[in-house]
Amino acid sequence: MLEKNKPFIIDFESIGDSQLGYISVAEVQNQVPFGIERAYWTYYTPNEVQRGFHAHKELQQVLVAVSGVIKFKLIDQNKNELEFVIDNPSKGLYIPRLYWREISFSHNAVLLCLASQVYNEEDYIRSFEDFLLYKNV
Ligand code: T46
């Protein structure tokens, strides 16, 4: 059973070789610990810009740096900080619900997000103070 309370790095299988290139696959239950309702991706984020600065009340995600290097600072409601770097398309980062995230990108980064729910602005907590006070029910 995959642990769903803490962020972790997923090592996707790389099928192929350096002469042909590779395929990696994300399947629900094998690598992704939720049903995927939606996929979206961000790109062309300038080097000096950080994204995120929010938490999700319910949304779980697996994030893949399809290209480039992406750095995450994740903070839980007890203010514990974790840092992750995804720098290879064969790796993913699982983020459970209720983690504040701050994200920086290399110039060529494309961030693919596999999400457990459809987009809902009501699911966002965009103030860090509100995040710390949010009652996890
Ligand atoms: C996350 C990190 C890793 C939409 O209109 N539709 C959508 O489907 C989405 C995802 C966003 N938006 C709007 C909402 C905001 O006005 O696009 C704007 C930027 O979205 P967001 O604040 O979610 O962007 P990021 O890059 O800070 O966060 C994204 C994911 O959306 C978010 O869930 O955790 O990547």
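Note that the structure is a prediction, hence the values are computed from the model and not measured.

Definitions and cut-offs
Residues numbered from 1 in each chain as written. Predicted model: local features only at pLDDT ≥ 70, side-chain atom pairs only at ≥ 80, totals over all residues. Heavy atoms only, no water. Helix = DSSP H or I, 4+ residues; strand = E, 2+ residues; numbered from the N terminus. Rg over C-alpha atoms; globule rule 2.2 N^0.38 Å. Buried < 20%, exposed > 50% of the residue type's maximum accessible area, 1.4 Å probe, protein only. Contact = heavy atoms within 4.5 Å. Areas by Shrake-Rupley, 256 points an atom, 1.4 Å probe, with all protein chains shown as cover. Near = heavy atom within 4 Å. Polar contact = N/O pair within 3.5 Å; in protein donor to acceptor, adjacent residues only side chain to side chain. 1 Å grid on protein atoms, 1.4 Å probe; cavity = no way out; pocket = protein on both sides within 12 Å on 5 of 7 lines; lining within 4 Å. Sits in = over half its atoms within 2 Å of the grid points. Nonpolar A, V, L, I, M, F, W, Y, C, P; charged D, E, K, R; others polar. Pairing = 2+ DSSP bridges.

### Structural notes on the overall build of the protein chain
The helix and strand tally for the protein chain stands at one helix and 12 strands. The C-alpha radius of gyration computed for the protein chain amounts to 15 Å, which stays within 12% of the reference 14 Å derived for 137 residues, consistent with globular compactness. A principal-axis box enclosing the C-alpha atoms of the protein chain has dimensions of 50 × 40 × 25 Å. The buried share of the protein chain, taken over its 137 residues, is 38%. Sequence separation of 24 or more characterises 77% of the internal contacts of the protein chain that already satisfy a separation of 6 or more. Carbon and sulfur atoms provide 50% of the accessible area of the protein chain, an area that totals close to 8,300 Å².

### Here we look at the site of the ligand
In the neighbourhood of the ligand, the contacting residues comprise Arg 38, Tyr 40, Arg 51, Gly 52, His 54, His 56, Gln 61, Arg 101, Ile 103, Tyr 119, Tyr 124 and Arg 126. In this structure, an oxygen atom belonging to the ligand sits 2.8 Å away from a main-chain N or O atom of Gly 52. A distance of 2.5 Å separates an oxygen atom of the ligand from a polar side-chain atom of Tyr 124. Burial of the ligand by the protein chains amounts to 71% of its free accessible area of 650 Å². If you map the ligand onto the pockets, it falls in the largest pocket. For the shell around the ligand, the element with the highest residue contribution is strand β5 (residues 50-56), accounting for four residues. A per-class count over the shell around the ligand returns four nonpolar, four polar and four charged.

### Concerning the pairing of strand β6 (residues 61-67)
Two faces, one strand: in a regular strand the side chains alternate between the faces of the sheet. Of all seven residues making up β6, five are buried, and the element is well covered by its neighbours. Judged from the four bridges that link them, β6 and strand β9 (residues 91-95) form a sheet pairing that is antiparallel. Paired with Gln 61 across the bridge in β9 is Ile 95. Pairing of β6 with strand β11 (residues 110-115) involves six bridges; the strand directions are antiparallel. In the strand pairing of β11, Leu 63 is matched with Cys 113.

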